[in-house]
Amino acid sequence: MRRKVGSRNIPLLVGFLLSGLFLLIALFGSKWTAVDPMQVFNKVLVIDGRQILPSRTPVPPLVLSQFPLGTDNSGRDLLARLLFAVRPTLILCFVIATLRILFGVMLGLLAGWVGGFTERLIDLLTGASLAIPILIFALATLSFLGERTLWAFVIALVATGWANTAVFVKNSTQVTKQAPFIEGARAVGVRPFGILRRYILPQLWPTLPAQIAFELSATLLVVAELGFLGMFIGEAFVRTAEDPNSGGNIAIGLTASFPELAQMLSDFWSKMISSPWEIAIVGFIIFLQIFAFNMLGEGLRRHMDVTRPRRAWWRRRPLQLK
Amino acid sequence: MARLITRKLILLIFFLPLLNYIGYSYAQLHPDLIHSPLGNTVSQDFEPYGTYLRGVLFAGDLGNVGQQTVSQILAGTIQNSLLLVGAALIASILGGLLIGLLAVSPRTRRISSAGLVVLTAGASLPGFLLGGVLLAGMVYLVFFTDATQTFLPISGYGLDEHLFLPVLALAIQPTLHLAKVVAGLLEDELQKDYILVALSKGLGWWRLVWSHAIPNMISPILITIGGSVRLMVGALLIIEAIFIWPGIGRIFLLAIGLRLDARPLGVFFGNPPLLAAIAVLLGAVLLLADLLFSVLAYQFDPRLRLAEDGQ
């Protein structure tokens, strides 16, 4: 017996499982560890007969059972920090992705439905937003705003980030607008707003879940890049070390107190020398999260694609003529 | 065609002076420069935009940064950056097309699930993470084992193996993104009726793909490549910072006040003529790339030409 071609949606399965895992960590991760993610370990530990102070010499992973993933470059438990870090990053990405979709859908609908001068104006805005690399725009905006709050990040990442969704929604609206049932609706006297709500929006719903997932992954990528460059939410303090020449303290880098994934990528140079495993582990987690969202989006897109020979229990069946 | 080029050129002529103005006033208005006692350049000391513009237009003088002129600083760095982006672009076009065409199975005419998982994974791998992890791994080997030298040069400029890691980090995501797009387009194209006709005539697989499917896919592919130029220019900032590549991205980071180490900012921070010149350059590269790939798409896809003429 042959299985039907494409009867299993592996991307959707992988995407759901991985995203679900990250959602669980975001919701309950902080309860799975008894260690305070902000506690700096200052007690001397003995590894292979050598005495080590975690706050000075970070502990590598898999060496001590106390620190399964080792410590970060300030001597704090990396596993506990990771478990706490997922939640703020996900909240940030969700807020930004939701706002991007919201603005994108509104402006796209407006451009596709109204036409004329409005359409040309929105097209100009979309073109300009699409032309600027989002990282450059976000860096310049955050540097200008000078504060590292949620709202600064929202402004920096939403101000041009809505354009992709808008293009997509506009094209879809323009196609739907030509359909005979819109003409029919007009003929029986449905008002423009009613047409928008009852005939045009429902055509968009099936594509939105995939769009949200892709938007999440794009947001996370930019947030990670910004974190790598030292732009992250939350307070930061300057790490100091004794200067062998003068005897005083010199600044060697920035670090933060409350963990957040993007922020854990910052301070790359000192981590590269003192705790390279931290870069590898945090980098892998971020990659996994972007991968999860992309797989989810791809899976949802395939799931909603009616040209594929499958039927889902909740996809509306075609109207049967009796 | 002529209309398209004219429209894009008008956009270019309109946007570049605007970017110049935005870059200049950005630096003049930057709050850190106005309020912070630590900023070592005070923006209000710089000449107003009108004077600067007159200098540019009539004397060809792009302004000064410390002892150097802006054109001195930018001349070499542009070359280095273009070299890096060019190499990465060529690598990603060749690699993306090849991987994309190989990902579709001739038997089912669909992308295999495993292929899709691999392509999505590759397209989700940010280049700077890959670069950072490779760098950290190599440094780890030197520090914690008895290796005396890293396997590949990890930083600096050079036209030899120095290119390898930055190009890899810059090209990996655009390559697999392009591969994914190519595979998706090919899959859609292969479901159409004319492919069945071609198959029933007994055409071979590569003949089918090369002379029948590809000409129909060429314009979205070119537009995707144009988009990946934008991706690369964005990623260039961070890749140049990681691999200490002396290009325009590093100058830009310094100019908007970011350093990856905690040393004080140099004279580049918030220099209005410098930022104005960088804004114009980046804008010109992006708009010209957009122009080039749109023109190519029009050239190779007669349907677009017909649509334009029919209006």
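To continue, consider the overall build of chain B. The secondary structure content of chain B amounts to twelve helices and two strands. Dimensions of chain B, computed from C-alpha atoms along their principal axes, come out at roughly 75 × 65 × 30 Å. A burial count over chain B gives 47% of its 311 residues as buried. When contacts within chain B are restricted to residue pairs at least 6 apart in sequence, those whose partners lie at least 24 apart make up 74%. Accessible surface for chain B amounts to roughly 15,000 Å². Of this, 67% is attributable to carbon and sulfur atoms.

Counting secondary structure elements, chain A contains twelve helices and four strands. A burial count over chain A gives 50% of its 322 residues as buried. In chain A, 67% of the contacts between residues at least 6 apart in sequence involve partners at least 24 apart. Per element, the accessible surface of chain A, about 16,500 Å² overall, is 65% carbon and sulfur.

Looking now at the nonpolar core. Inside soluble globular proteins, nonpolar side chains tend to come together where they are buried. Among the nonpolar cores identified, the biggest contains 134 residues, and A:Leu139, A:Leu226, B:Phe128 and B:Leu274 are the most heavily contacted of them. The biggest single contributor to this core is helix α9 (residues 205–243) of chain B, with 20 residues. In this view, B:Phe128 contacts A:Leu221, A:Ala224, A:Glu225, A:Phe228, A:Leu265, B:Ile238, B:Ile239 and B:Ile242; residues no more than four positions away in its chain are not counted. In terms of nonpolar packing, the next biggest core, distinct from the first, is built from 13 residues, A:Val169, A:Ile182, A:Ile195 and A:Leu196 among them.

Take the side chain of A:Thr160 next. Structurally, A:Thr160 can be placed in the loop between α5 (150–158) and α6 (163–177). Relative accessible area serves as the criterion here: at 9%, A:Thr160 is assigned to the buried category.

Once that is clear, we can look at the confidence of the model for chain A. Residue and element names in this part refer to chain A. Here chain A averages 83 in pLDDT, and 86% of its residues register 70 or above. No element of chain A has a lower mean pLDDT than strand β4 (residues 249–256), at 60, and none a higher one than helix α1 (residues 10–28), at 93. Of the regions scoring below 50 in pLDDT, residues 1–6 engages in four contacts with residues more than four places distant in sequence or in other chains. Per-residue pLDDT stays below 50 along residues 311–316; that stretch engages in nine contacts with residues further than four places along the chain or on separate chains.

Residue and element names in this part refer to chain B. Within the secondary structure, Ser294 sits in helix α11 (residues 272–300). A polar side-chain atom of Ser294 sits 2.6 Å from the main-chain carbonyl oxygen of Asp290. Those residues in contact with Ser294 that sit more than four places away from it in its chain are Leu4 and Lys8.

Here we take up the interface of chain A and chain B. By convention, interface size is frequently given as the accessible area that disappears when the constituent parts associate. Across the boundary between the two partners, chain A contributes 43 residues, which contact 45 residues of chain B. When residues of chain A are sorted by the area they lose upon contact with chain B, A:Phe144, A:Leu229 and A:Trp269 head the list and together hold 16% of the total. Applying the counting criterion to the chain A and chain B interface returns two salt bridges. A salt bridge links A:Glu298 to B:Lys180; its shortest N-O distance comes to 3.2 Å. Between the two partners, chain A and chain B, sit six residue pairs in polar contact (both at pLDDT 80 or more).

Applying the stated criterion to the full structure yields twelve salt bridges over all chains. A salt bridge links A:Glu215 to A:Arg100; the nearest nitrogen and oxygen atoms lie 2.8 Å apart. With a gap of 115 residues between them, A:Glu215 in helix α9 (residues 208–228) and A:Arg100 in helix α2 (residues 78–114) connect regions that are remote in the sequence. On the basis of relative accessibility, which here comes to 5%, the residue A:Glu215 falls in the buried class. Here B:Lys8 and B:Asp290 are joined by a salt bridge, their closest N and O atoms 3.0 Å apart. You can see B:Lys8 sitting in helix α1 (residues 2–29) and its partner B:Asp290 sitting in helix α11, a full 282 residues away along the chain. Under the relative-accessibility criterion, B:Lys8 is labelled partly exposed at 22%. In this structure, a network of salt bridges that share partners links the residues A:Asp72, A:Arg76 and A:Arg81.

Scoring rules and cut-offs
Residues numbered from 1 in each chain as written. Chains lettered and ligands numbered in written order. Predicted model: local features only at pLDDT ≥ 70, side-chain atom pairs only at ≥ 80, totals over all residues. Heavy atoms only, no water. Helix = DSSP H or I, 4+ residues; strand = E, 2+ residues; numbered from the N terminus. Buried < 20%, exposed > 50% of the residue type's maximum accessible area, 1.4 Å probe, protein only. Contact = heavy atoms within 4.5 Å. Areas by Shrake-Rupley, 256 points an atom, 1.4 Å probe, with all protein chains shown as cover. Core = buried A, V, L, I, M, F, W, Y, C linked by side-chain atoms within 4.5 Å. pLDDT = per-residue confidence, 0-100. Polar contact = N/O pair within 3.5 Å; in protein donor to acceptor, adjacent residues only side chain to side chain. Buried area = accessible area lost by both parts, 1.4 Å probe. Salt bridge = Lys/Arg side-chain N within 4 Å of Asp/Glu carboxyl O.

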